[in-house]
Amino acid sequence: MEECDICGRKAGNLYLVEIEGAQMVACAECSKGAKIIDQLRTTEQVQQARRPEKQAEESTIVENYGKIIRDARESLGIPIKVLAEKLNETESDLKRVESQHTLPRDKLAKKLEKELGIKLIVKEDAKTSQRAYGKADQVTLGDAAVFKDKKQGV
Ligand SMILES: [Zn+2]
């Protein structure tokens with residue numbers, strides 16, 4: 001059984017609902033009053049319903065991406081022109097990204113991450129902790145305890 005995104009309870013009947021423009025997986029109770037997009041009958045459907053939203057909405061580019069890109073590129077000694085050719089991008093596009101005039105598209109950000117060995121895309125945090133409400137602390141403490149036990153056991 002999968003958990004409801006809203007109340008966190010495991011439920012047999014889950015629905016893909018839209019609440020304030022965001023798609024969530026909700027139990028029958030929490031779906032009341034929300035716009036129901038689909039009924040999710042299997043775990044697979046629930047996971048599929050969750051996946052696209054995570055990628056579309058929860059990936060954000062780090063604040064100082066331009067500096068990170070330029071520093072990494074310079075420390076590797078790659079001229080911007082060469083990097084642009086490698087990534088199949090135009091030099092002026094890359095320049096705009098490095099000077100933070102434009103945000104890199106997800107695809108470009110991923111290419112840069114791979115090529116330069118840097119991290120540009122940050123995921124989840126804000127949204128996940130919002131969703132978890134008071135549960136977040138419990139989960140963290142529980143995880144920490146498990147980790148500690150394992151470490152001591154070995
Ligand atoms: Zn619920």
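Just so it is clear, the structure is predicted and the values come from calculations on it, not from any experiment. Residue indices follow the written sequence of each chain, beginning from 1 at its first position. Note on the predicted model: pLDDT of at least 70 is required for a residue's local features to be given, and 80 or more for side-chain atom pairs to be given and counted; whole-chain, interface and lining totals, by contrast, use all residues. As a rule here, side-chain values cover all heavy atoms of the structure and leave hydrogens and water aside.

1. Points about the side chain of serine 31
Along the polypeptide, serine 31 turns up in helix H1 (residues 28-31). Summary of the burial criterion: residues with accessible area below 20% of their type's maximum are buried, those above 50% are exposed, and those between are partly exposed, where the area comes from a 1.4 Å probe applied to protein chains only. Among the residues examined, serine 31 registers a relative accessible area of 4% and is labelled buried. N or O atoms closer than or at 3.5 Å make up a polar contact, with two conditions inside protein: a donor-capable atom paired with an acceptor-capable one, and, for residues adjacent in sequence, both atoms drawn from side chains. Within polar-contact distance, the side chain of serine 31 engages the backbone oxygen of cysteine 27 at 2.7 Å. We call two residues in contact when some of their heavy atoms are within 4.5 Å. Setting aside anything within four residues of it in sequence, one finds serine 31 in contact with Tyr15, Val17, Ala26 and Ile36. The secondary structure listing takes helices from DSSP runs of H or I that are at least 4 residues long and strands from runs of E that are at least 2 residues long, numbered from the N terminus.

2. Examining the confidence of the model for the protein
The pLDDT value expresses, per residue, how confident the predictor is, ranging between 0 and 100. When pLDDT is averaged along the protein, the result is 82, and 75% of the positions lie at 70 or above. In this model residues 126-139 is a low-confidence stretch, pLDDT under 50, and it forms ten contacts with partners more than four residues away in sequence or in other chains.

3. Examining the sheet that holds strand E5 (residues 35-40)
Being paired, for any two strands, means DSSP has found at least two bridges between them. Strand order across the open sheet formed by three strands is E4-E3-E5, with antiparallel pairing between neighbours. At either margin of the open sheet sits one strand with a lone partner, and together these are strand E4 (22-27) and E5. Between one strand axis and the next, the sheet turns by 30° as a mean value, whatever way the strands run. The pairing of strand E3 (residues 14-19) with E5 spans five bridges and is antiparallel. The partner of valine 17 across the bridge, within E5, is isoleucine 36. Working convention: axes come from line fits to C-alpha atoms, limited for helices to the stretch in contact. Angles between N-to-C directions cover 0 to 180 degrees.

4. Here's the deal with unusual backbone geometry
Peptide bonds are trans in most cases, and residues, glycine excluded, mostly fall at negative phi. Phi at asparagine 88 takes a positive value of approximately 65°, unusual for a residue other than glycine. Turning to its location among the elements, asparagine 88 is positioned in the loop between helix H4 (80-87) and helix H5 (91-98). Even without being glycine, glutamine 100 reaches a positive phi, approximately 60°. Locating glutamine 100 in the fold gives a position in the loop between H5 and helix H6 (106-116). When its relative accessible area of 34% is taken as the criterion, glutamine 100 is described as partly exposed.

5. Regarding H4
Those residues of H4 lying buried are Ile80, Leu83, Ala84 and Leu87. Looking straight down H4, one finds that the buried residues subtend no more than 100° of arc, so they occupy a single side. Exposed residues on H4 whose side chains face more than 90 degrees from its buried face are Glu85 and Lys86. Considering only its buried residues, H4 is in contact with helix H3 (65-76), H5 and H6. In this description, the arc belongs to the directions extending from the helix axis to the C-beta atoms.

6. Notes on the packing of H4 against H6
Two elements in contact, H4 and H6, have axes whose closest approach is 11 Å; the angle formed by their N-to-C orientations is 115°. Relative to H6, H4 is oriented so that their crossing is right-handed. For the pair H4 and H6, the contacting residues are Leu83, Lys86 and Leu87 in the first and Leu108, Lys111, Leu112, Glu115 and Leu116 in the second. Only Asp, Glu, Lys and Arg are considered charged, only Ala, Val, Leu, Ile, Met, Phe, Trp, Tyr, Cys and Pro nonpolar, and every remaining residue, Gly among them, polar. Considering only residue class, the contact of H4 with H6 consists of five nonpolar, no polar and three charged. Handedness of a crossing follows from how the near helix is turned relative to the far one, being left-handed for an anticlockwise turn of less than a right angle and right-handed for a clockwise one.

7. Things to note about the coordination of the zinc ion
Within the protein, the atoms that donate to the zinc ion are Cys4 (SG), Cys7 (SG), Cys27 (SG) and Cys30 (SG), at distances of 2.2 to 2.3 Å. Note on donors: an N, O or S atom is included if it sits within 2.8 Å of the metal, or within 3.2 Å for Na, K and Ca, and water is never included, so sites can look incomplete. Irregular is the default label, applied whenever a site is not tetrahedral (four donors, all angles between 85 and 135 degrees) and neither square planar nor octahedral (four or six donors, opposite donors over 155 degrees apart, all other angles between 65 and 115). The coordination sphere of the zinc ion comprises four donor atoms, whose angles at the metal cover 102 to 115°; the geometry is tetrahedral. Taken in sequence order, the residues that donate to the zinc ion follow the motif C-x2-C-x19-C-x2-C. Of the two residues, cysteine 7 is situated in the loop between strand E1 (2-3) and strand E2 (10-11) and cysteine 30 in helix H1; the sequence distance between them amounts to 23 residues. For cysteine 30, a relative accessible area of 19% gives the class buried.

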